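Listed below, chain by chain, are the residues.
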Amino acid sequence: MLTTRALMMVLAIAAGLATTQGAIAQDSEDDILEKARSQARDYEKLKRVLVEEPDQNVRLAAFDLMVKDGDSMLHAIAVDAGLASADRLLQAAAFKEAIMSLDRLHLTLSLDKTASQDMQEKAKQYLDTKGDALVIVFRKKDARAGTFSGPSLNGEVSGTLLTYKLGYGSGTLELKDDNAISGTVIVHSGSPLQFLASGRIR
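Residues numbered from 1 in each chain as written. Predicted model: local features only at pLDDT ≥ 70, side-chain atom pairs only at ≥ 80, totals over all residues. Heavy atoms only, no water.

Asks: Can you help me understand helix α5 (residues 88-100) in this one?
Replies: Residue pairs three or four apart in sequence face the same way in an α-helix, which turns once every 3.6 residues. Over its 13 residues, α5 extends 18 Å from the first C-alpha to the last, a length consistent with the 18 Å expected when each residue adds 1.5 Å. The set of residues buried in α5 consists of L90, Q91, A92, A94, F95, A98, I99 and M100. Sitting at the amino-terminal end of α5 is D87, which places a side-chain oxygen 3.0 Å from the backbone nitrogen of L89. (Helix = DSSP H or I, 4+ residues; strand = E, 2+ residues; numbered from the N terminus. Expected span 1.5 Å × (residues − 1). Buried < 20%, exposed > 50% of the residue type's maximum accessible area, 1.4 Å probe, protein only. Polar contact = N/O pair within 3.5 Å; in protein donor to acceptor, adjacent residues only side chain to side chain.)

In structure tokens:
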């Protein structure tokens with residue numbers, strides 16, 4: 001019964017938010033302020049379902065409803081709460097949603113001190129001449145499967161891990177600090193070069 005009530009609350013609040021947003025244009029300044037406060041309270045209630053609801057199935061179902069609702073604020077709240085969650089399944093769902101919401105992934109390259117000295121020297125030359133930016137462009141995405149592709153690109157999201165192959169290069173990146181990823185990538189520039197890479201996903 002508690003599970004049903006929680007999900008019904010999510011549906012009811014989401015429907016109410018949509019109605020409220022549609023009516024704001026016709027309201028006075030005081031009405032808009034009051035509706036904004038009411039909307040903020042509703043957003044907080046929905047966030048608490050993701051953070052405090054003891055039933056994992058309810059948390060996951062609520063997350064799914066919120067990201068599919070069409071309200072960009074609900075989507076952002078759900079993803080932010082999910083990424084910060086201690087629930088690994090909810091965090092993985094939020095990570096996949098965050099990645100699938102991107103059109104491109106911007107990474108910053110740096111030297112990998114665990115690589116051989118020769119590799120580090122070649123990697124430094126690359127950074128000095130071509131810079132430290134690496135952009136992965138997603139041409140096609142399958143949000144359900146958690147996969148993405150593009151010219152010479154294939155990648156997927158599994159749990160909180162993102163892996164890809166780009167031409168002769170590749171990368172393995174993991175969620176860090178709620179809204180960032182980091183890991184190791186191989187960039188092919190005449191020969192394979194190994195780097196550390198990091199980037200923000202929100």
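On we go.
Asks: I tried to follow the sheet that holds strand β2 (residues 133-137) on my own but got confused; where do I start?
Replies: The pairing of strands in a sheet comes from backbone hydrogen bonds and takes either a parallel or an antiparallel form. Here we have nine strands laid out as an open sheet, ordered β2-β1-β9-β8-β7-β6-β5-β4-β3, and antiparallel in their pairing. Pairing within the sheet leaves two strands with one partner each, and these edge strands are β2 and β3 (140-142). Pairwise comparison of adjacent strand axes, ignoring direction, gives a mean angle of 20° for this sheet. Where strand β8 (residues 180-188) and strand β9 (residues 192-200) come together, nine bridges link them in antiparallel fashion. Of the residues in β9, the one forming a bridge with A180 is R200. Taken strand by strand, helix α6 (residues 117-130) contacts β1 (104-111), β8 and β9, and its axis lies near 60° from that of β9. (Pairing = 2+ DSSP bridges. Axes fitted to C-alpha atoms, helices over the stretch in contact; angles between N-to-C directions. Contact = heavy atoms within 4.5 Å.)

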